[in-house]
Amino acid sequence: MTELARDIIGGKIRAIARGISLVENNIKGREELIDALFPHTGKAQVWGITGPPGAGKSTLADLLISCERDRGRKVAVVAVDPSSPFTGGALLGDRLRMQSHAEDDGVFIRSMASRGHLGGVSGATLDAVKVLDAAGFDTIIVETIGVGQTEVDIIELTDLVLLVLVPGMGDEIQAMKAGVMEIGDIFVINKSDKEGAEKLRTEVEYVLGFKYAGEKEKMNPVCLVSAKMKKGLDHLRNEMERLYGQLEESGELREKRKERIRKELLRIFSLKIHELLDRKMDFYNNVGEWAEMIYNKDVKPYHFINERLRFFLKKESE
Amino acid sequence: MSKRKLRILIAKPGLDGHDRGAKYVARALKDEGYEVIYTGIRQTPESIVRTALQEDVDFVGLSLLSGAHNELFPRIVDLLRENDAADIIVFGGGVIPEEDIPFLKEKGVRAVFTPGTPIQEIVDFIESKRDERNQ
Amino acid sequence: MEEYKKIKEARRKWEEKTVDKVISRFPERKEIFVTGSDIPVDRAYSPESFDEERWLDEVGFPGEYPFTRGVQPTMYRGRFWTMRQYAGFGTAEESNRRYKYLLEQGQTGLSVAFDLPTQIGYDSDDAMSVGEVGKVGVAIDTLKDMEILFEGIPLDKVSTSMTINAPASVLLAMYIVVGEKQGVSRDQLRGTIQNDILKEYIARGTYIFPPEPSMRLITNIFEFCSKEVPKWNTISISGYHIREAGSTAVQEVAFTIADGMEYVKTAVRAGLDVDQFADRLSFFFNAHNDLLEEVAKYRAARRIWATLMKEKFLAKSSKSMMLRFHTQTGGSTLTAQQPDNNIVRVAIQTLAAVLGGTQSLHTNSRDEALALPTEDSVRIALRTQQIVAHESGVANTVDPLAGSYYVEALTSRIYNEAMDYIEKIEEMGGMVKAIEKGYIQKEIQDAAYRYQKDVEKGDRIVVGVNKFTIKEEAPRDLLKVDPALRDLQVKKLARTKAERDNEAVKKALKALEDAAAKPDVNLMPLIIDAVREYASLGEICNILREVYGEYKESIVL
Ligand SMILES: Nc1nc2c(ncn2[C@@H]2O[C@H](COP(=O)(O)OP(=O)(O)OP(=O)(O)O)[C@@H](O)[C@H]2O)c(=O)[nH]1
Ligand SMILES: [Mg+2]
């Protein structure tokens, strides 16, 4: 085992931070590091917080950190903000709302830029969570960038997802029925100090009522919270605990985590095959020429593709 | 291979609330393609250093206008060193009289940018240290 | 009407014939010209740019509604503005010496700068105060320091302005007790506390408590002073720092007046009558380099305030409608490069403030971009005001730029744009809401970012910075605060704490704590009792922190 992996498991701040950079920058040693850390993972509860921009995700994370610290648990946060598609730069602002924990030894906060990855998190978030898990944090909170419809990665990343909604979103709730409402394990209606929170709760429950017609007990909890006024937190925290207990007991958590690994396997295999393809067929150097041939109708597309693949596979097996 | 993303912490130690400069630099560096973390005002040296460690930044840029730089900047450099992070490059800015700059440099602040410095000068400084950061 | 038609026709001809001919051969320096705040500027203005029919409604005469031309009918023909240099640094002893020097030099009012720990309610021995004690102003921990600060300065003879916000009630309480000890009664005290917490959330950053309790403290002061300290200006609603944070002139006016409206609303909600406190509200603006835009800004601000006070808040007394203001020349316009150039900038800004009808003025010293000003440069700054007052002749008539087509057009433009902002803020539910949303901060930051980018691209010239630069020697002889000062101050505080009646302090603080939790008690008398017993600023603020919590900034980038 490398010194870095040892130090991460030993909980050294600098090592943890470097480990995350290493997976984030996808440089040499990433795979070895994750392999070395993997046996030490699986102990942490991993929570996701997602929701539209400005819903109060970071403010809520800040309060959840305090809750966990009160129970003597160590907490890590990974907060993802978007990278600029033009410059690649990013202003990582989530941390600001949690800065009052900066001097607490039991708290580790890491900002990540999405670096072009779609889905509300960054490509390395999953591995970053592994690093933090191996480092001995009891709870790991992942905050996504503001969601639209497609950012469902968070489900695959975490054990328990809080979807934060706020009153005054108007018709958006309609649009959300389709996709985003599928995401949350717990629906948090934040900013309940403002008008319209009760109405939103009714709407959300109405939508959920359709989904769970006849199985009311399975319906996701809907919690009214005001992160700003620190209201409704105990209730939320209790619901989280209850749900987490249920997940553990019913074996659902195990299944969730296995499913996560299945997806990850698929993703990594695809990636590796893609790399292999490029390496062996020199794909990117040839693709221009091939396109030219197809454009000029010198060859038929599928015929050509199948031909190339057969050639490549034969060459491989020789 | 694209260049490694450099990460920069822009921090405001001390008690002054004049964050126009710090915010400008943070935003401009983002526009230059860096990943920037901004702490907000009234940060203690301890919280700045912990933030720098957790975020694994390459640079810490300190902005201070109250005149407390001779006390606070060196304290931050020292704390980084105590935490095994002397490699993180510290630079400063704000209302800092020319005559204080040699003292600050001697204490380990690698560059000081006084008001009116074009952002390009800060970018040049950062890029000139890229190799050092990649070691 | 006929007249305007003729002028319009003449203007059209001028543009087509005279102008076009010249431009085709000698193009202008730029495609578009704008003011310092990005307002487009025409080639030349003529009568039709300002609708003279509205003259009586919108401009009128000095000392009359809507006060566009000034709040007094005679302005500087009666009395010059108050020349008031902001000063204070290090210990109370040192600052006291500086005040006496300034009074001897002909300054007519005192202006106290406090160090940051004092402004944020920390004692000098607090861990948060490290490095900051005595740096940007004088350190005040207890009444003891305040007694020393005003030693030998009779409080019934001077007017004192104190730049203090979050803990304004504590410093005012100390001032009142120093008065008591000098035998000066409360109704003889004259001066101003800044007491403007909203702009701290927006721009300056020395807040302590969340908005709601902060507004309550402010209202308590309004009420207390209207009865007990009637000559005191209870608030100085400040655009100065909003501008320093990078706002435009329009934003400076709009946000400052929106702040003012919030204070009025809060006080009215608390049961005060508008005319009972509104004449004690004063304003504080910046002076930047775009001379005519600045003049228009002050004129527009007066007109907006008068309009709102009359039409929205239904004030009856015309005193309630008058926007009286202090001006400080713009710190952010000073350059560290070629510092002597700053003398010229300050002279232009002084003219702007005077032509705009300010009630008092602080002129910055040339070296302020570098450090605390030296005595020499403070004197030059004061002399600048004296030259404008006595030699320039601009103080001989009231509002001399009225009727300038350009200035009147700009005044209307700023009035309209600021009113649009104010309406928008009202729609959001007022200034507190707009601040909590981060809207105001974002508007200012965007303006600041645009400005700085323009400077970097060379679209805006700052002499000595991005053009006409020279190699310079590092300046010497800058004034420095002795770092050992903190120890001194800490020792002094320890001594005071040892000598005071600690039982009495405890009792006074307990009484304050109990009252703080009750919304309808006025805290001023309790704070006065506590400071009289030498309870420290930090002790008092910590009690209030426990009851009210602390404000967390909502940052937007
Ligand atoms: N009124 C009210 N405001 C809140 C509440 N929670 C958060 N806010 C405010 O909402 C704004 C956004 O909060 P954040 O926590 O940064 O929201 P976010 O979802 O993390 O935002 P992004 O990460 O930018 O998508 C801040 O100004 C908060 O102070 C609440 O319960 N009530
Ligand atoms: Mg966030």
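To start, this report covers the structure provided alongside it. Small disclaimer: the values here were computed from a predicted structure and weren't measured.

Procedures and definitions
Residues numbered from 1 in each chain as written. Chains lettered and ligands numbered in written order. Predicted model: local features only at pLDDT ≥ 70, side-chain atom pairs only at ≥ 80, totals over all residues. Heavy atoms only, no water. Helix = DSSP H or I, 4+ residues; strand = E, 2+ residues; numbered from the N terminus. Rg over C-alpha atoms; globule rule 2.2 N^0.38 Å. Buried < 20%, exposed > 50% of the residue type's maximum accessible area, 1.4 Å probe, protein only. Areas by Shrake-Rupley, 256 points an atom, 1.4 Å probe, with all protein chains shown as cover. Lys, Arg positive; Asp, Glu negative; His and termini not counted. Charge placed at Lys NZ, Arg CZ, Asp CG, Glu CD. Salt bridge = Lys/Arg side-chain N within 4 Å of Asp/Glu carboxyl O. Near = heavy atom within 4 Å. Polar contact = N/O pair within 3.5 Å; in protein donor to acceptor, adjacent residues only side chain to side chain. Nonpolar A, V, L, I, M, F, W, Y, C, P; charged D, E, K, R; others polar. Contact = heavy atoms within 4.5 Å. Donors = N, O, S within 2.8 Å, 3.2 Å for Na, K, Ca; no water. Core = buried A, V, L, I, M, F, W, Y, C linked by side-chain atoms within 4.5 Å. Buried area = accessible area lost by both parts, 1.4 Å probe. Expected span 1.5 Å × (residues − 1).

## Focus: the overall build of chain C
On a plain count of helices and strands, chain C comes out with 21 helices and 12 strands. Compactness check: chain C gives a C-alpha radius of gyration of 24 Å against a globular reference of 24 Å for 557 residues, within 12% of the reference. With the C-alpha coordinates aligned to their principal axes, the bounding extent of chain C is approximately 85 × 60 × 45 Å. Expressed as a percentage of its 557 residues, the buried residues of chain C come to 59%. For chain C, the exposed surface amounts to about 22,600 Å²; the carbon and sulfur share of it is 52%. Placing the 74 positive and 84 negative side-chain charges of chain C at their respective mean positions leaves the two points 2 Å apart.

## Considering the pattern of salt bridges
Under the counting rule described, the total for this entry stands at 84 salt bridges over all chains. As a salt-bridge pair, Glu-252 of chain C and Lys-297 of chain C come within 2.7 Å of each other at their nearest N and O atoms. One end of the pair, Glu-252 of chain C, is in helix H10 (residues 249-269); the other, Lys-297 of chain C, is in helix H12 (residues 291-311), with 45 residues separating them in the sequence. For the pair Glu-252 of chain C and Lys-297 of chain C, a shared accessibility class is recorded, and that class is buried. Within this structure, Glu-24, Arg-95, Arg-110 and Arg-115 of chain A together with Arg-7, Glu-35 and Glu-55 of chain B form a network of salt bridges that share partners.

## Let's talk about the site of ligand 1
Residue and element names in this part refer to chain A. Taken together, the neighbourhood of ligand 1 is formed by 19 residues, with Lys-57, Ser-58, Thr-59, Arg-97 and Asp-193 sitting nearest. In the environment of ligand 1, a nitrogen atom lies 2.7 Å from a nitrogen or oxygen atom belonging to the side chain of Asp-193. The protein chains hide 83% of the 660 Å² of surface that ligand 1 would expose on its own. The biggest single contributor to the shell around ligand 1 is helix H4 (residues 57-70), with three residues. In terms of residue class, the shell around ligand 1 is made up of three nonpolar, seven polar and nine charged.

## Focus on the side chain of Ser-238 of chain C
All names here are of chain C. Positionally, Ser-238 belongs in strand S9 (residues 235-238). Given a relative accessible area of 0%, Ser-238 falls into the buried group. In this structure, Ser-238 is in contact with Gln-194, Asp-196, Lys-199, Thr-256 and Phe-284, ignoring residues within four places of it in sequence.

## Let's talk about the coordination of the magnesium ion (ligand 2)
Residues and elements named next belong to chain A. Donor atoms from the polypeptide that bind the magnesium ion (ligand 2) are Ser-58 (OG), Asp-94 (OD) and Glu-143 (OE), placed at 2.0 to 2.2 Å. All donor residues of the magnesium ion (ligand 2) come from one chain, and their arrangement in sequence is S-x35-D-x48-E. A residue pair is termed long-range when its members are at least 10 positions apart, and Ser-58 in helix H4 and Glu-143 in strand S5 (residues 139-143) qualify at 85 residues. The class for Glu-143 is buried, based on a relative accessible area of 2%.

## Some details on the nonpolar core
In a soluble, globular protein the nonpolar side chains are often hidden away together inside. Core analysis: the biggest nonpolar cluster contains 172 residues, and Ile-10 and Leu-29 of chain B together with Met-146, Met-162, Ile-257, Ile-440 and Leu-523 of chain C have the highest contact counts within it. Beyond its immediate sequence surroundings of up to four residues, Met-162 of chain C is in contact with Val-112, Phe-114, Met-146, Leu-171, Leu-172, Tyr-175, Thr-192, Ile-193, Gln-194 and Trp-232 of chain C. Within the second largest apolar cluster, 36 residues are counted, among which are Ala-17, Leu-37, Val-129 and Ile-183 of chain A.

## Topic: the interface of chain C and chain B
Taken together, the contacts link 43 residues of chain C with 34 residues of chain B. Between chain C and chain B, a total of about 3,200 Å² is buried, with carbon and sulfur atoms accounting for 54% of that surface. Run the count over chain C and chain B and you get two salt bridges. In this structure, Arg-27 of chain B and Asp-446 of chain C form a salt bridge, with 3.0 Å as the shortest nitrogen-oxygen distance. Counting every contact that joins chain C to chain B gives 12 residue pairs in polar contact (both at pLDDT 80 or more). Of all the elements in the fold, those that place two or more residues in the side of chain C that touches chain B are helix H4 (116-119), helix H7 (197-204), helix H9 (240-244) and helix H17 (439-457) of chain C.

## Examining the interface of chain A and chain C
Of the residues lining the interface, six residues belong to chain A; the matching set on chain C comes to six residues. Both faces considered, chain A and chain C share a buried interface measuring about 500 Å² in area, 54% of it formed by carbon and sulfur atoms. By the criterion of area lost to chain C, the three top residues of chain A are Leu-91, Leu-96 and Arg-97 of chain A, representing 67% of everything that side buries. Measuring nitrogen to oxygen at the nearest pair gives 3.0 Å for the salt bridge that ties Glu-436 of chain C to Lys-228 of chain A.

## Points about helix H3 (residues 69-82) of chain B
All names here are of chain B. Under the 1.5 Å per step criterion, the end-to-end length of H3 is 19 Å for 14 residues, consistent within 8% with the ideal 20 Å. Listed in full, the buried residues belonging to H3 are His-69, Leu-72, Phe-73, Pro-74, Ile-76, Val-77, Leu-79 and Leu-80. On its buried face, H3 is in contact with helix H2 (45-54), strand S3 (59-64), strand S4 (89-94) and helix H4 (101-106). Two residues or fewer past H3, Asp-84 is found with a positive phi of approximately 70°.

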